[in-house]
Amino acid sequence: VGLALVAVSRGHESQLLGERAMGILVLIIIGAVGTTIGILGTRAYAAELTYKRALDAAARNEGKVLYDLLILAVDQNPNVDRYHITLSQTNLLLANGIANKKGKDVTEDDRRTITQLVQQAIREAQRAVAVNNRLSTSWENLGRVYRTLIPFAAGADRWAVSGYTQAIALEPTNPLLLIILGGVHFAAWLYDDAVKAFELAVALKPDLANSHYNLSAALREKGDISRAVREMEQVLTLVEEGTQDYD
């Protein structure tokens, strides 16, 4: 009996030790997860502060500071789509600023810098989509980047159309996206496609003068003059008489 009691006692102690070990292990795991969450939370907060400083720099028209702070924000937290979107547009603005320097010729170094900025704009727009491909804004931004490059890069119009088409699929009730898509088709002389996009925009919001105006222009280019006139007459009913738009 004594031996049996000792065996039971030792078995009980072993069970207690096992339970304590499991408890310690759980605490270690919880601590590690908590530390990780804390670190990630700290980095996310720091990234938001950096992004706010970047927007402040933009308000002061400090392009270089804006650019550097956006790079830092993306490094601190690469999983925020709006950081990538803002950085992609900043790259385009900086490239445009260099290309249009007043009173100065564009040097070979300038051309290299412009190329790098444009490549970064495309890359950041693609990263925004990769972070959140269910967000219409990310696809719209990608389309906008390629639309800017249409005069300079072969095939950019197709990528622009693809970006805006995805944005519209995610936000089908936004007539402004359809107007922009129609504008891309119009610039490529694809007037049938432009008319379809503008007609959808008109159907979504019949009181939007811009939709009718663009539809009128596309119909005119197609040679459908009677419909073009009717659409322009509709524009005049939607725009206040005496304003610059009316004139």
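What you are looking at is a predicted structure, and each value in this text was computed from that prediction instead of being measured.

Calculation criteria
Residues numbered from 1 in each chain as written. Predicted model: local features only at pLDDT ≥ 70, side-chain atom pairs only at ≥ 80, totals over all residues. Heavy atoms only, no water. Helix = DSSP H or I, 4+ residues; strand = E, 2+ residues; numbered from the N terminus. Expected span 1.5 Å × (residues − 1). Buried < 20%, exposed > 50% of the residue type's maximum accessible area, 1.4 Å probe, protein only. Arc of directions from axis to C-beta. Contact = heavy atoms within 4.5 Å. Core = buried A, V, L, I, M, F, W, Y, C linked by side-chain atoms within 4.5 Å. Axes fitted to C-alpha atoms, helices over the stretch in contact; angles between N-to-C directions. Parallel < 35°, antiparallel > 145°, perpendicular 65-115°, else oblique. Left-handed = near helix turned anticlockwise from the far one by under 90°. Nonpolar A, V, L, I, M, F, W, Y, C, P; charged D, E, K, R; others polar. Salt bridge = Lys/Arg side-chain N within 4 Å of Asp/Glu carboxyl O.

### Observations concerning helix α10 (residues 225–238)
Given 3.6 residues per helical turn, the α-helix brings residues three or four places apart onto the same face.
Logical step 1: Taking 1.5 Å of rise per residue, 14 residues should cover 20 Å, and α10 covers 20 Å from first to last C-alpha, within 8% of that figure.
Logical step 2: Along α10, the positions that sit buried rather than exposed are A228, E231 and V235. Axial view of α10: buried residues confined to an arc of 65 degrees, hence all on one face.

### Describing the environment of L92
Logical step 1: Examined against the element boundaries, L92 turns out to sit in helix α3 (residues 81–99).
Logical step 2: Among the residues examined, L92 registers a relative accessible area of 10% and is labelled buried.
Logical step 3: For the pair L92 and L149, spaced 57 residues apart in sequence, the C-alpha to C-alpha distance is 9.4 Å.
Logical step 4: Once residues lying within four places of it in the same chain are set aside, the contact partners of L92 are A121, V145, T148 and L149.

### Considerations on the nonpolar core
Logical step 1: Of all hydrophobic cores here, the largest spans 48 residues; its most connected members are Y83, V145 and L149.
Logical step 2: If one sorts the elements of this core by residue count, helix α4 (residues 108–131) sits on top with 7 residues.
Logical step 3: With residues near it in sequence (within four places) discarded, Y83 still touches A44, A47, E48, Y51, A73, V74 and N77.

### A word on the packing of helix α9 (residues 209–222) against α10
In a packed pair of helices, the relevant descriptors are the angle between the two axes and the axis-to-axis distance.
Logical step 1: Where α9 contacts α10, the axes come no closer than 8 Å and their chain directions differ by 160 degrees. Considering the angle they form, α9 stands roughly antiparallel to α10. At the point where α9 passes α10, the crossing takes the left-handed sense. Counted together, A209, H212, Y213, L215, S216, L219 and R220 of α9 and I225, R227, A228, E231, M232, Q234, V235 and L238 of α10 form the full contact between these two elements.
Logical step 2: Considered class by class, the residues forming the contact of α9 with α10 number 9 nonpolar, 3 polar and 3 charged.

### So, the pattern of salt bridges
Logical step 1: Scanning all chains against the criterion turns up 13 salt bridges.
Logical step 2: Put simply, E108 and R111 hold a salt bridge, and the shortest N to O gap is 3.6 Å. Taken together, the residues E108 and R111, both in helix α4 and 3 residues apart, mark about one turn of the helix.
Logical step 3: Its relative accessible area of 48% is what places E108 among the partly exposed residues.
Logical step 4: Between E140 and R144 there is a salt bridge; the shortest N-O distance is 3.7 Å. Taken together, the residues span about one helical turn, with E140 and R144 both in helix α5 (residues 136–148) at a distance of 4 residues.
Logical step 5: Judged by relative accessible area, which is 19%, E140 ranks as buried.

### Here's the deal with helix α6 (residues 156–170)
Logical step 1: Counted at 1.5 Å a residue, the expected span for α6 with its 15 residues is 21 Å, and the 21 Å between its end C-alpha atoms agrees.
Logical step 2: Burial in α6 covers these residues: A156, A160, G163, Y164, A167 and I168. Looking down the long axis of α6, one finds its buried residues gathered within 135 degrees of arc, a one-sided arrangement. For α6, exposure combined with an orientation more than 90 degrees from the buried face picks out R158, W159 and A169.
Logical step 3: Those residues of α6 that are buried are in contact with α5 and α7 (175–187).

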